[in-house]
Amino acid sequence: MSPAPRFVPLARLLHWLMAALLLSQLLIGVAMMATLTLRPPLIALHRPLGLALLVLVLVRLWVRRRHPPPALPADLPRWQAAAARASHLLLYALMLALPLLGWALASAAGNAVLLPGGVPLPAIAPHDPVLFGWLRDAHGLLAWLLFATVLGHVAAALHHAWIRRDGVFEAMAWRRRERPAENPWRTWR
């Protein structure tokens, strides 16, 4: 049997790098809400990571456009294929929206968003306490939606890896898992 098609190496690198950064951002965001003492340094970490993720998602979209992802298995139920497409669209929309909302949130609070080296980015929203409150709530709500969507994505990936064993997980993994020899109950060597 020939190996299933895989994502290009750059797409795999961006996927796993962004997964680590997104998880970090979600944990930092929760920690920011749970402590007043550590809030300033956590915000100082959260903002540049958010900007990095914004740049990375733009690069990732460019890579995806130039190198389309492998096709889903032909025997995948239609509702699962539709759910996969919808969840990926939602993931990309959230990965774009959250950093932009965070930037607008900082702008509405009257805070500068700084690039590494202290270069300020322009405000993308007016300084307005009411707008700040709305953006803060929207940013938090969408972060929880991203968390739930990521959990669904991980669950689907594990379903493909452990139950269907159809090569979908391996298409994004760094190493191919060895197929079991004669014994179908033996899953690792």
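Scroll up to find the structure.
Here's what I pulled together on the structure shown here. Note that this is a predicted model, so its numbers are computed, not measured.

Structural notes on the overall build of the protein chain
Looking only at helices and strands, one finds 5 helices and 2 strands in the protein chain. Expressed as a percentage of its 189 residues, the buried residues of the protein chain come to 30%. Separation between the mean location of the 19 positive side-chain charges and that of the 7 negative ones in the protein chain comes to 5 Å.

Notes on the packing of aromatic side chains
By convention here, two paired aromatic rings are described through the distance between centres and the angle between planes. All chains considered together, the criterion is met by 1 aromatic pair. Note on Trp-144 and Phe-147: the rings are 6.0 Å apart at their centroids and 85° apart in plane angle, and the pair reads as edge-to-face. Of this pair, Trp-144 and Phe-147 both sit in helix H4 (residues 129–164), 3 residues apart, roughly one helical turn.

A word on the pattern of salt bridges
One pass over the full model with this rule turns up 2 salt bridges. Between Asp-75 and Arg-164 there is a salt bridge, with its nearest N and O atoms 2.8 Å apart. Here Asp-75, found in the loop between helix H2 (39–66) and helix H3 (78–109), pairs with Arg-164, found in helix H4; they are 89 residues apart in sequence, far enough to count as distant. Classification of Asp-75 as exposed rests on a relative accessible area of 58%. Judged by relative accessible area, which is 24%, Arg-164 ranks as partly exposed. Residue Asp-166 pairs with Arg-164 through a salt bridge whose shortest N-O separation is 2.7 Å. A network of salt bridges, in which partner residues are shared, links Asp-75, Arg-164 and Asp-166.

Comments concerning the side chain of Thr-149
One can find Thr-149 in helix H4. Excluding anything up to four places from it in sequence, Thr-149 contacts Ser-87, Leu-90, Leu-91 and Leu-94.

Considerations on the packing of H3 against H4
It is the contact of H3 with H4, at a shortest axis distance of 8 Å, that shows an interaxial angle of 150°. With respect to H4, the element H3 is oriented roughly antiparallel. For H3 against H4, the interelement crossing comes out left-handed. By residue class, the composition of the contact of H3 with H4 is 19 nonpolar, 7 polar and 2 charged.

Thoughts on unusual backbone geometry
For Arg-165, which is not glycine, the phi dihedral falls at a positive 50°. Of note, Arg-165 is situated in the loop between H4 and helix H5 (168–172). Judged by relative accessible area, which is 31%, Arg-165 ranks as partly exposed.

Parameters at a glance
- Residues numbered from 1 in each chain as written.
- Predicted model: local features only at pLDDT ≥ 70, side-chain atom pairs only at ≥ 80, totals over all residues.
- Heavy atoms only, no water.
- Helix = DSSP H or I, 4+ residues; strand = E, 2+ residues; numbered from the N terminus.
- Buried < 20%, exposed > 50% of the residue type's maximum accessible area, 1.4 Å probe, protein only.
- Lys, Arg positive; Asp, Glu negative; His and termini not counted.
- Charge placed at Lys NZ, Arg CZ, Asp CG, Glu CD.
- Phe/Tyr/Trp six-rings, centres within 6.5 Å; stacked < 30°, edge-to-face > 60°.
- Salt bridge = Lys/Arg side-chain N within 4 Å of Asp/Glu carboxyl O.
- Contact = heavy atoms within 4.5 Å.
- Axes fitted to C-alpha atoms, helices over the stretch in contact; angles between N-to-C directions.
- Parallel < 35°, antiparallel > 145°, perpendicular 65-115°, else oblique.
- Left-handed = near helix turned anticlockwise from the far one by under 90°.
- Nonpolar A, V, L, I, M, F, W, Y, C, P; charged D, E, K, R; others polar.

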